[in-house]
Amino acid sequence: MKIKRIAHLGIAVKDLDPAKKLYGENLCLELGGEEVVETQKVKVSFFKVGESNLELLLPTAPDSPVAKFLETRGEGFHHLALEVEDIDAAVAELKAAGVKLIDETPREGAHHTRVAFIHPKATFGLLVELVQYPTSH
Ligand code: ZN
C-alpha cells in the first residue's frame, strides 16, 4: 500500500469551545471546517497544520465511541489518520497479512472520505485510521 501523509491527528474533547479557542486563537491555526459524522456520533472541528490537520472530536451521543474513550481515558490524543491511495487495496492487504482491523470494510468518514480503523492491539496501542479522499487531496 502507499501511505501519502499524516491526514490528521484526532483529539477527544469534552467541550469544543475552549479547545477551539486554544488551537484557533492561542495557536493561531486556521479553522478548516466543522462537521457532524453521524456514523461515528461525533462532531469534528478541524484545523489546518501544513499538509495535515488537527481534528477535535466531540461525542454527540453517550454511546459514541469517543464518549466511551473520554470516560475511560479522559481528554487527549485519540487517533492517527494516514492517507492511503487506495483504501480497498490497503484493507485487503492488511486482512491478508492477518492484521487485526476494527473495520473489515471501509466506511464513510468526515469530508466525504472513506475510512477504516486498525485495531490498537495490532498497532502497539495506537488507534490508526486509514483514510482515502474522494479526489487527490
Ligand atoms: Zn479521524
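All residue numbers refer to position in the chain's written sequence, counted from 1. At least 70 in pLDDT is required for a residue's local features to be given in this predicted model, at least 80 for side-chain atom pairs to be given and counted, and no such filter applies to totals for whole chains, interfaces and linings, which use all residues. As a rule here, side-chain values cover all heavy atoms of the structure and leave hydrogens and water aside.

### Things to note about the packing of aromatic side chains
As a reminder, the rule being used: Put simply, two rings from Phe, Tyr or Trp (the six-membered ring, in Trp's case) pair if the centres are within 6.5 Å, and we call them stacked under 30 degrees between planes, edge-to-face over 60, tilted for the rest. Think of it this way: any DSSP run of H or I at least four residues long counts as a helix, any run of E at least two long counts as a strand, and we number them from the N terminus. Remark: exposure states derive from per-residue accessible area (1.4 Å probe, protein chains only) relative to the maximum for the residue type, with buried under 20%, exposed over 50%, and partly exposed in between.
In this structure the tally under the stated criterion is one aromatic pair. Ring geometry for tyrosine 23 and phenylalanine 47: centres 6.2 Å apart, planes at 40 degrees, overall tilted. With tyrosine 23 in helix 1 (residues 16-26) and phenylalanine 47 in strand 3 (residues 42-49), this residue pair connects regions lying 24 residues apart in the sequence. The same class applies to tyrosine 23 and to phenylalanine 47, which are both buried.

### Description of the environment of serine 64
Spelled out, the test is: We call two residues in contact when some of their heavy atoms are within 4.5 Å. Under this definition, polar contacts are N or O atom pairs within 3.5 Å; protein pairs additionally need one hydrogen-donor-capable and one acceptor-capable atom, and for neighbouring residues in sequence, both atoms have to be side-chain atoms.
Note that serine 64 resides in the loop between strand 4 (52-59) and helix 2 (65-73). On the basis of relative accessibility, which here comes to 0%, the residue serine 64 falls in the buried class. A C-alpha to C-alpha distance of 9.2 Å links serine 64 and threonine 39, two positions 25 residues apart in sequence. If sequence neighbours within four positions are ignored, serine 64 has contacts with Gln40, Lys41, Val42 and Pro59. Polar side-chain contacts of serine 64 include one of 2.9 Å to the backbone oxygen of lysine 41.

### Remarks on the sheet that holds strand 3
In plain terms, the rule: At least two bridges found by DSSP between two strands are what make those strands a pair.
Read across the sheet, eight strands follow the order 2-3-4-1-5-8-7-6 without closing on themselves; strand pairing throughout is mixed. Here the strands that pair on one side only, and so sit at the sheet edges, are strand 2 (30-37) and strand 6 (107-108). Both strand 6 and strand 7 (residues 114-118) contribute to a ladder of two bridges, which runs antiparallel. Paired with glutamate 108 across the strands is arginine 114, a residue of strand 7.

### Digging into the pattern of salt bridges
Where we set the bar: Criterion for a salt bridge: a side-chain nitrogen of Lys or Arg within 4 Å of a carboxyl oxygen of Asp or Glu.
Considering all chains together, one arrives at nine salt bridges under this definition. A salt bridge links glutamate 83 to arginine 5, with the nearest nitrogen and oxygen atoms 2.6 Å apart. With glutamate 83 in strand 5 (residues 76-84) and arginine 5 in strand 1 (residues 3-12), this residue pair connects regions lying 78 residues apart in the sequence. Of the two residues, glutamate 83 and arginine 5, neither departs from the other in class, the shared state being buried. If you follow the salt bridges from partner to partner, you end up with Lys4, Arg5 and Glu83 in one network.

### Focus on the environment of leucine 101
Assignment of secondary structure puts leucine 101 in the loop between helix 3 (87-96) and strand 6. Judged by its relative accessible area of 9%, leucine 101 is buried. Linking leucine 101 and leucine 54, residues 47 residues apart in sequence, is a C-alpha distance of 23 Å.

### Points about the pairing of strand 3
Sheet analysis places strand 2 next to strand 3, joined by seven bridges and oriented antiparallel. Directly across from valine 37, in strand 3, lies its bridge partner valine 42. Between the end of strand 2 and the start of strand 3, which pair antiparallel, lie four residues, with lysine 41 showing a positive phi angle near 55 degrees. In the sheet, strand 3 pairs with strand 4 via eight bridges, with the strands oriented antiparallel. Looking across to strand 4, one finds that serine 45 is bridged to leucine 56.

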